[in-house]
Amino acid sequence: MEHSGERNRIQISQATADLLAEAGFSQWTTPRETKIYLKGKGDMQTYWMRKTKSARVTKLTGPLTQAETVATAAYSELTECSDESDSKDGMDKTERLVEWTVAVLTSLLQQIIASRGGGVHDIKSLSAAERDTASGRTVLEEFVPIIRLKRFEEDELRRRQRPASIDIGDEARSQLRNFLFIVAGMYQDNPFHNFEHAIHVTASVKKLLARIVNVNDGNGLGASNADGSIESVDPLHLAGHSYGITSDPLTQFAVVFSAIIHDVDHPGVPNTQLVKENTRSAQIYRKSVAEQNSVHLAWEILMREKFSALRACIYQTESELRRFRQLVVNTVMATDIVDKELQALRKARWEEAFSTVKSAIESPDDVVGEDRKATIVIEHLIQASDVSHTMQHWHIYKSWNEKFFMECYSAYKAGRADSDPSETWYKSEVGFFDFYIIPLAKKLDSCGVFGVSSDEYLNYATANREEWAREGESIVQAYVAKFNRHHPS
């Protein structure tokens, strides 16, 4: 339908419009005034995506049906579309992304509070513990091979309050929104490593979390009701089938939170360049520099007095505080896929957890084994989400690939890279698919908890690899030409 499109507008088919309506987002579409003619199909009714104040994904706080998956993709396209009409709804792109994230995190906070029995109390008594969590050690020194998750007794799960009945309160909600705006402002204006990337990663994390179920018992944490709301799920049914992840909302919140903050203050160059330049952060951390810096800065903001009500929703005890901190540290550190020591640790741990022989003899009461698997699942979830553009539709992959190229090429032109990325980009991308992306997608399947999403990610990765092999060389040439047009000598 490209030949019939218009600048800065998204055109969708009747089938896509029907799926959006099924997901409860019919207000996002408006019929095109005249039908278009498609060769071999005749006249067709198509629709425009609308940018309106109601086009916020405030309902997508649960698992994704096929229709909701389309809605999420459509929302992603809305945020990537030109911002000419932003002033019409009174919100710019950052505001829309923040509002979507507020809805996602609010839902998880409701689940956390419900898991504690519904109470939120003042946490001034934890002041010393809060100061202690991030003092005396670097972030990497806090990393542990296995995260110990909370185990809930059956009666706790049976008595758990319905999250929808929980109100986190206006103060906490306002603090959450303000925190996210500060985080958004701490992202540098990079072509790739920016706040929009963080939210793209967050959307993938949310999708994969919603798919963590027993592969034999279906796909998703709940069904969609006719009104678009999500049917509640019996947590007892899922406990034990996801290595404890689905029964612990604090774990889920921590992983989503980590996705949001994982590239805060990213400088637009890799860690090796930061070490070479001997930047202040490199002097402090020496390795995994950007990742450690992101955790440090975001945590420092969260610990401010002005966010005490938000923190009280997240944790109420020192044990919960330390578990939250550990989850954030491990999850963000998992996004460093270059460090060789971390790579070796992950490989050995994977063999220990998911080898055929090990799995065959593992006791159902092996808590350490379950926690090891949960740690691996969390790491693979964030790693896949960090590069999720490679495992999505071709046009999404190509858009983000261009942004990453522009970031790397700009660094080279600024003297912050030793080699010209345009000379190796085509072959490097093929290698990235062959030796990282496709194996990672296969491991999502081997984890056994992501349902159809693992197949979906692998299929898109394979298709994108094939398309890149055919078109990549000419695409890189187009990237360079575009850069030169926007940056004339």
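Residues numbered from 1 in each chain as written. Predicted model: local features only at pLDDT ≥ 70, side-chain atom pairs only at ≥ 80, totals over all residues. Heavy atoms only, no water.

Caption draft 1: How the structure looks around the sheet that holds strand 2 (residues 29-31). Pairing is antiparallel in the open sheet, where 3 strands are placed in the order 1-5-2. On the outer flanks of this sheet lie strand 1 (11-12) and strand 2, each paired with one strand and no other. Pairing of strand 1 with strand 5 (residues 47-49), which is carried by 2 bridges, proceeds in the antiparallel orientation. Each residue of the ladder has a partner; that of glutamine 11, found in strand 5, is tryptophan 48. (Pairing = 2+ DSSP bridges. Helix = DSSP H or I, 4+ residues; strand = E, 2+ residues; numbered from the N terminus.)

Caption draft 2: Region of the structure containing the pattern of salt bridges. Using the criterion set out here, one finds 22 salt bridges in the structure. For lysine 93, the salt bridge identified is with glutamate 196, shortest N-O distance 3.2 Å. Here the residue lysine 93 occupies a position in helix 4 (residues 93-115), and glutamate 196 occupies one in helix 9 (residues 195-210), the gap between them amounting to 103 residues. Overall, lysine 93 belongs to the buried group, its relative accessible area being 19%. Residues joined by salt bridges that share partners form a network here, namely Lys93, Glu196 and Lys403. (Salt bridge = Lys/Arg side-chain N within 4 Å of Asp/Glu carboxyl O. Buried < 20%, exposed > 50% of the residue type's maximum accessible area, 1.4 Å probe, protein only.)

Caption draft 3: Just the confidence of the model for the protein chain, in detail. Summing up the model confidence of the protein chain, the mean pLDDT is 83 and the portion of residues at 70 or higher is 79%. Scored below 50 in pLDDT, residues 80-88 shows 22 contacts in the model against residues more than four places distant or in partner chains. Here residues 236-240 scores under 50 on pLDDT; set against residues more than four positions off or in separate chains, the count is 11 contacts. (pLDDT = per-residue confidence, 0-100. Contact = heavy atoms within 4.5 Å.)

Caption draft 4: Molecular detail of helix 21 (residues 425-447). With 23 residues, helix 21 should reach 33 Å at 1.5 Å per residue; the first-to-last C-alpha distance of 31 Å fits that figure. Along its length, helix 21 shows its largest kink, about 40°, at phenylalanine 433. Of the positions making up helix 21, those classed as buried are Trp425, Tyr426, Glu429, Val430, Phe433, Tyr436, Ile437, Ile438, Leu440, Ala441, Leu444 and Cys447. Immediately downstream of helix 21, the backbone of glycine 448 shows phi near 75°, a positive value. (Expected span 1.5 Å × (residues − 1). Bend = angle between axes of the 7 residues up to and from the residue.)

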